[in-house]
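One-letter residues, chain by chain:
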Amino acid sequence: MSAENKAAKQTKKKKMLIGIIVVALLGGVSWILTENPQLFEKEENGPTSMYSDEIKSYLFYPADYDLDVKSDKAYMEMNRYVYYKNGAETIAITDGDYGRHGAVVEFFGLYFETVIRGNARTYNTFFTDHYYKTNTPYDQFTPQMLYDILIEQLSVTENQNKTYTYAFNVSYKIHKNTGTFRNDIDSDTSKVLYFELIEYPDGRVLIDRITYYK
């Protein structure tokens, strides 16, 4: 056999070997795709940002679900009162008597106390069924060191079904944010949220909508 024939034969064998390897690889990929389709699907449960489509990375503090917020001396020296603004008047509620400002302000007092305690079970009861069509309840979140709390009433509308819809701008800061309740703000910063609340004829107040303001 001539040298040229030997070279051609060796080249043919190499091509056949490469072909076998390619077929094997394609078969392996096909099997993986069939048995594990989630590996090739678009990740729909990836990082999300609360109240925002914009995802930012923050350095959060370690999550301590047994935290006693009163043990943090720096936090206890911060302004932890709720400020209620209605028109040109802003009131600091320093005595905890939220009810004298109406059912909705009283609701906000309970809302913030629940968040500070880290009571996710109670917190999840503060929302309408309509809210949960696009949002999910919390499994848990750590006690939150809230301060510089401001609720600003924008409007109130009487509805045909004898309910009232209230619109508020709400802002607050979180000292040593763990990201378990709000992952869209850094520690000691605030961003305004738009709240819509419904007051029912029986006196109940529930949150129907929370929207992030950029």
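Note: the structure precedes this text.
Cut-off values and rules
Residues numbered from 1 in each chain as written. Predicted model: local features only at pLDDT ≥ 70, side-chain atom pairs only at ≥ 80, totals over all residues. Heavy atoms only, no water. Helix = DSSP H or I, 4+ residues; strand = E, 2+ residues; numbered from the N terminus. Pairing = 2+ DSSP bridges.

Trainee: Please provide a residue-by-residue account of unusual backbone geometry, values included.
Mentor: Within the chain, Asp148 stands out as a residue other than glycine whose phi angle is a positive 50 degrees. On the secondary structure map, Asp148 appears in strand β3 (residues 145-158).

Trainee: An account of the pairing of strand β2 (residues 89-93) is requested, with residue identities and associated values reported.
Mentor: In terms of strand pairing, strand β1 (residues 82-86) meets β2 through five bridges, oriented antiparallel. Bridge pairing links Tyr83 to Ala92 in β2. The hairpin turn running from β1 into β2, its antiparallel successor, is two residues long, and Gly87 in that turn takes a positive phi close to 70 degrees.

Trainee: Which residues make up the pairing of β3, and what values go with them?
Mentor: Of the strand pairs in this sheet, β1 and β3 are connected by five bridges, and their pairing is parallel. Bridge pairing links Tyr83 to Leu150 in β3. The sheet contact formed by β3 and strand β4 (residues 164-175) spans eleven bridges and is antiparallel. Across the sheet, the residue bridging to Ile151 is Val170, located in β4. Turn length for the β3-β4 hairpin, with the two strands adjacent in sequence and antiparallel, is five residues, and the turn residue Lys162 shows positive phi of about 65 degrees.

Distances and angles like these do not, on their own, reveal function.
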